[in-house]
Amino acid sequence: MALKATIYKAQFNVADLDRHVYLDQQHTLACHPSETLQRLMLRLVAWGFNADEELQFTKGLCEADEPALWKKNLSDEIELWIDLGLPDEKRLKKAAHKAKKVIIFAYGDNAAPVWWKQHQAKVSQYGNISVVFFKDETLAELEAMVERSMNLQLTIEAEQGWLMLGDKSCTLTPEWWLR
């Protein structure tokens, strides 16, 4: 018998003072049995840092041809492709050619620097890929915040974020490897 996804609901209030974006949106996310809670929360953080009414969560792990999030225009062209983890060169090339802008949210204190060293030159050639890294410590703090129903508040200023859920909070300091 196959394991089913666990459903999480997040009311997400974002105040991005850098981009002057202020949104309050409800999200329903399915957490695939093979997805960690840290990755689930990183998907939410990725949405928050790029908050837009048109930015959508995809089928994610269930669909290999889709990123974690994307924003499409009315012509069904991909404006923004957001992937999580450490994609291989083939996936990076695919994303760079399919989307106008690509953001990779890399994580894994041990594996990510090695991945970056191997892929930095190739990624830099595309011109439309940005890579941002989040430390394991931050992901552990995010995991500690998880609830099946969440009312999240994210404030972003000077490219740093503060995520709050009730009396829990997490400072989000992304490390940009490429813009």
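Above this text you will find the structure in question.
Computed from a predicted model, the values in this text were never measured in an experiment.

A.B. asks: Tell me about the layout of surface pockets, and name the residues and values.
C.D. replies: Considered as a void within the structure, the largest pocket measures approximately 400 Å³ in volume. What lines the largest pocket is a set of 21 residues, and nearest its centre among them are Arg19, Phe49, Asn50, Lys101 and Ile103. Those elements that provide at least two residues to the lining of the largest pocket are β5 (78–84), β6 (99–107) and β7 (129–134). Across the lining of the largest pocket, the residue classes break down as 10 nonpolar, 2 polar and 9 charged.

A.B. asks: Talk me through the sheet that holds strand β3 (residues 55–57); I want residue IDs and the actual numbers.
C.D. replies: Taking strand neighbours across the sheet as the criterion, the 6 strands line up as β3-β4-β5-β6-β7-β11 in an open arrangement whose pairing is mixed. The outermost strands of the open sheet, each flanked by one partner alone, are β3 and β11 (175–178). Here the strands of the sheet are splayed against their neighbours by 20 degrees on average, with no regard to which way each runs. The strands that helix α2 (residues 89–98) touches are β5, β6 and β7; relative to β6, the one it contacts most, it runs at about 145 degrees.

A.B. asks: Describe the pairing of strand β4 (residues 69–72), listing the residues and the values that go with them.
C.D. replies: With 3 bridges joining them, β3 and β4 adopt antiparallel strand pairing. Note on β4: the bridge partner recorded for leucine 55 is lysine 71. Across 4 bridges, β4 lies against β5 in antiparallel orientation. Pairing of leucine 69 across the sheet is with isoleucine 82, part of β5. What sits between the antiparallel neighbours β4 and β5 is a turn of 5 residues, in which aspartate 76 has the positive phi angle 70 degrees.

A.B. asks: Explain the pattern of salt bridges residue by residue, including any values.
C.D. replies: In the structure shown here, the tally under the stated rule is 10 salt bridges. Across the salt bridge formed by arginine 19 and aspartate 16, the nearest N and O atoms sit 2.8 Å from each other. For aspartate 65, the salt bridge goes to lysine 94, with nearest N and O atoms at 2.8 Å. On the criterion of sequence distance, the pair formed by aspartate 65 in the loop between β3 and β4 and lysine 94 in helix α2 is long-range, its members being 29 residues apart. A single salt-bridge network, built from bridges that share partners, covers Glu35, Arg39 and Arg43.

A.B. asks: Got a sec to walk through the nonpolar core? Specific residues and values, please.
C.D. replies: Buried together is how nonpolar side chains tend to be arranged in soluble globular proteins. In this structure, Leu44, Trp47, Ile82, Phe105, Leu142, Leu163 and Leu172 are the most contacted members of the largest nonpolar core, which totals 40 residues. With 8 residues, helix α1 (residues 37–49) is the largest single contributor of residues to this core. Residues contacting leucine 172, with those up to four places away along its chain left out, are Val45, Phe49, Phe134, Thr138, Leu142, Leu154, Gln160, Gly161 and Leu163. Ranked by size, the runner-up nonpolar core spans 18 residues in total, among them Trp70, Trp81, Ala112 and Trp116.

A.B. asks: Lay out the packing of aromatic side chains with the relevant residues and their values.
C.D. replies: Using the criterion set out here, one finds 6 aromatic pairs in the structure. Taking the centre distance of 6.0 Å and the plane angle of 5 degrees together, the rings of phenylalanine 105 and phenylalanine 134 count as stacked. Of this pair, phenylalanine 105 sits in strand β6 while phenylalanine 134 sits in strand β7; the two residues are 29 residues apart in sequence, bridging distant segments of the chain. Each member of the pair phenylalanine 105 and phenylalanine 134 is classed as buried. An aromatic cluster is present here, built from Trp115, Trp116, Phe133 and Trp177 joined pairwise through their rings. Here the guanidinium or amino end of lysine 72 rests over the ring plane of tryptophan 70, the centre of that ring lying 4.0 Å away. It is arginine 148 that lies over the ring of tyrosine 8; its NZ or CZ is 5.7 Å from the centre.

So, how was this worked out
- Residues numbered from 1 in each chain as written.
- Predicted model: local features only at pLDDT ≥ 70, side-chain atom pairs only at ≥ 80, totals over all residues.
- Heavy atoms only, no water.
- 1 Å grid on protein atoms, 1.4 Å probe; cavity = no way out; pocket = protein on both sides within 12 Å on 5 of 7 lines; lining within 4 Å.
- Points joined across faces, edges and corners; volume = space filled by probe spheres on them.
- Helix = DSSP H or I, 4+ residues; strand = E, 2+ residues; numbered from the N terminus.
- Nonpolar A, V, L, I, M, F, W, Y, C, P; charged D, E, K, R; others polar.
- Pairing = 2+ DSSP bridges.
- Axes fitted to C-alpha atoms, helices over the stretch in contact; angles between N-to-C directions.
- Contact = heavy atoms within 4.5 Å.
- Salt bridge = Lys/Arg side-chain N within 4 Å of Asp/Glu carboxyl O.
- Core = buried A, V, L, I, M, F, W, Y, C linked by side-chain atoms within 4.5 Å.
- Buried < 20%, exposed > 50% of the residue type's maximum accessible area, 1.4 Å probe, protein only.
- Phe/Tyr/Trp six-rings, centres within 6.5 Å; stacked < 30°, edge-to-face > 60°.
- Lys NZ or Arg CZ within 6 Å of the ring centre and 35° of its normal.

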